[in-house]
Amino acid sequence: MDLWSVLNTRRSVRSFSPRPVSSEAIERALEAARAAPSANNIQPWKFIVVRSASSRLRIAELSAGQMFIAEAPVVIVCCVRRYRDEYSWLQERMCLVDGSIAFTHLILAARAEGLGTCWIGAFSHDELKRHLGVPGDYDILALTPLGFPKDENAFRPVVDRKPFEDVVFLDHFGGEME
Ligand SMILES: Cc1cc2nc3c(=O)[nH]c(=O)nc-3n(C[C@H](O)[C@H](O)[C@H](O)COP(=O)(O)O)c2cc1C
């Protein structure tokens, strides 16, 4: 798939088929994440691949009860280590930028494999950390179910976005593009 097709048909998938996902496809998605840029190349991320059915169920419960998460045969959890970047106003939040880039790589690579994902940001952070044995200096940035969509129209093109002219300015904030 070319990049534009991936970008334009990556949608949040919230219903999954039980069809298994190969280890090779999961590894390719993780390799895409590993290739992501990060500030000072610190690569503060760790990814937990959860295949255990009982663990996926618990993760879904701890994610505001979004039970579709457990329907997918795999859940991937992105953890980031908090570090301080003295050159940026983001400081210890820089790891959130790094992790978000890497997780986006993973999600786009999954789409190229024909796999559905849904970025999950709603979860009980501390309880999920305990459940997964995540050490104290790491935060959980996000997680995603990973699997083949049940609905064959899951990868419908992106149309529900704000108009171009509402989000792109020329020369200064509010400047109209020609
Ligand atoms: C930071 C972040 C957190 C999100 N959290 C959730 C979530 O907890 N549950 C959910 O179903 N979708 C979640 N989403 C998915 C968004 O709702 C979705 O990306 C958005 O509505 C656009 O739809 P699309 O992904 O199909 O293009 C989240 C997305 C982002 C980027």
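Up top is the structure these notes are about.
As a starting point, this report considers the structure included with it. (Residues numbered from 1 in each chain as written. Predicted model: local features only at pLDDT ≥ 70, side-chain atom pairs only at ≥ 80, totals over all residues. Heavy atoms only, no water.)

## Some thoughts on the side chain of Ser38
Here is step 1 of the chain: Topologically, Ser38 is positioned in the loop between helix 2 (23–34) and strand 1 (45–50).
Here is step 2 of the chain: On the basis of relative accessible area, Ser38 is assigned to the buried category, the value being 14%.
Here is step 3 of the chain: Excluding residues within four positions of it along the chain, Ser38 makes contact with Gln43, Pro44, Trp45 and Asp98. (Helix = DSSP H or I, 4+ residues; strand = E, 2+ residues; numbered from the N terminus. Buried < 20%, exposed > 50% of the residue type's maximum accessible area, 1.4 Å probe, protein only. Contact = heavy atoms within 4.5 Å.)

## Quick word on the environment of Arg161
Here is step 1 of the chain: Mapped onto the elements, Arg161 comes out in the loop between strand 4 (138–147) and helix 7 (164–167).
Here is step 2 of the chain: By relative accessible area, which is 48% here, Arg161 ends up partly exposed.
Here is step 3 of the chain: The spacing of Arg161 and Cys79 is 82 residues in sequence and 29 Å in space, taken between C-alpha atoms.
Here is step 4 of the chain: One polar contact links Arg161 to Asp160, side chain to side chain, over a distance of 2.8 Å. (Polar contact = N/O pair within 3.5 Å; in protein donor to acceptor, adjacent residues only side chain to side chain.)

## Quick notes on the packing of aromatic side chains
Here is step 1 of the chain: Counted under the stated rule, the structure contains two aromatic pairs.
Here is step 2 of the chain: Aromatic side chains Phe103 and Trp119 sit 5.3 Å apart centroid to centroid with 75 degrees between the ring planes, which places their arrangement in the edge-to-face category. Note that Phe103 is positioned in helix 5 (residues 94–112) and Trp119 in the loop between strand 3 (116–117) and helix 6 (125–132), a separation of 16 residues in sequence.
Here is step 3 of the chain: Judged by relative accessible area, Phe103 falls into the buried class, the value being 0%.
Here is step 4 of the chain: The partly exposed category is assigned to Trp119, whose relative accessible area is 35%.
Here is step 5 of the chain: When the ring centre of Phe148 is taken as origin, the NZ or CZ atom of Arg19, which lies over that ring, is 3.6 Å away. (Phe/Tyr/Trp six-rings, centres within 6.5 Å; stacked < 30°, edge-to-face > 60°. Lys NZ or Arg CZ within 6 Å of the ring centre and 35° of its normal.)

## With respect to the site of the ligand
Here is step 1 of the chain: What surrounds the ligand is the set Arg10, Arg11, Ser12, Arg14, Gln66, Phe68, Cys118, Trp119, Ile120, Gly121, Ala122 and Arg161.
Here is step 2 of the chain: One of the backbone nitrogen or oxygen atoms of Trp119 is found 3.0 Å away from a nitrogen atom of the ligand.
Here is step 3 of the chain: Measuring from an oxygen atom of the ligand, one finds a backbone N or O atom of Ala122 at 3.2 Å.
Here is step 4 of the chain: Of the residues belonging to the shell around the ligand, the class tally is five nonpolar, three polar and four charged. (Near = heavy atom within 4 Å. Nonpolar A, V, L, I, M, F, W, Y, C, P; charged D, E, K, R; others polar.)

## Details of unusual backbone geometry
Here is step 1 of the chain: The phi torsion at Gln43 lies on the positive side, around 50 degrees, for a residue other than glycine.
Here is step 2 of the chain: Here Gln43 shows up in the loop between helix 2 and strand 1.
Here is step 3 of the chain: Among the residues examined, Gln43 registers a relative accessible area of 34% and is labelled partly exposed.
Here is step 4 of the chain: Backbone geometry at Asp171 places phi at a positive 70 degrees, although glycine is not the residue there.
Here is step 5 of the chain: Along the polypeptide, Asp171 turns up in the segment after helix 7.

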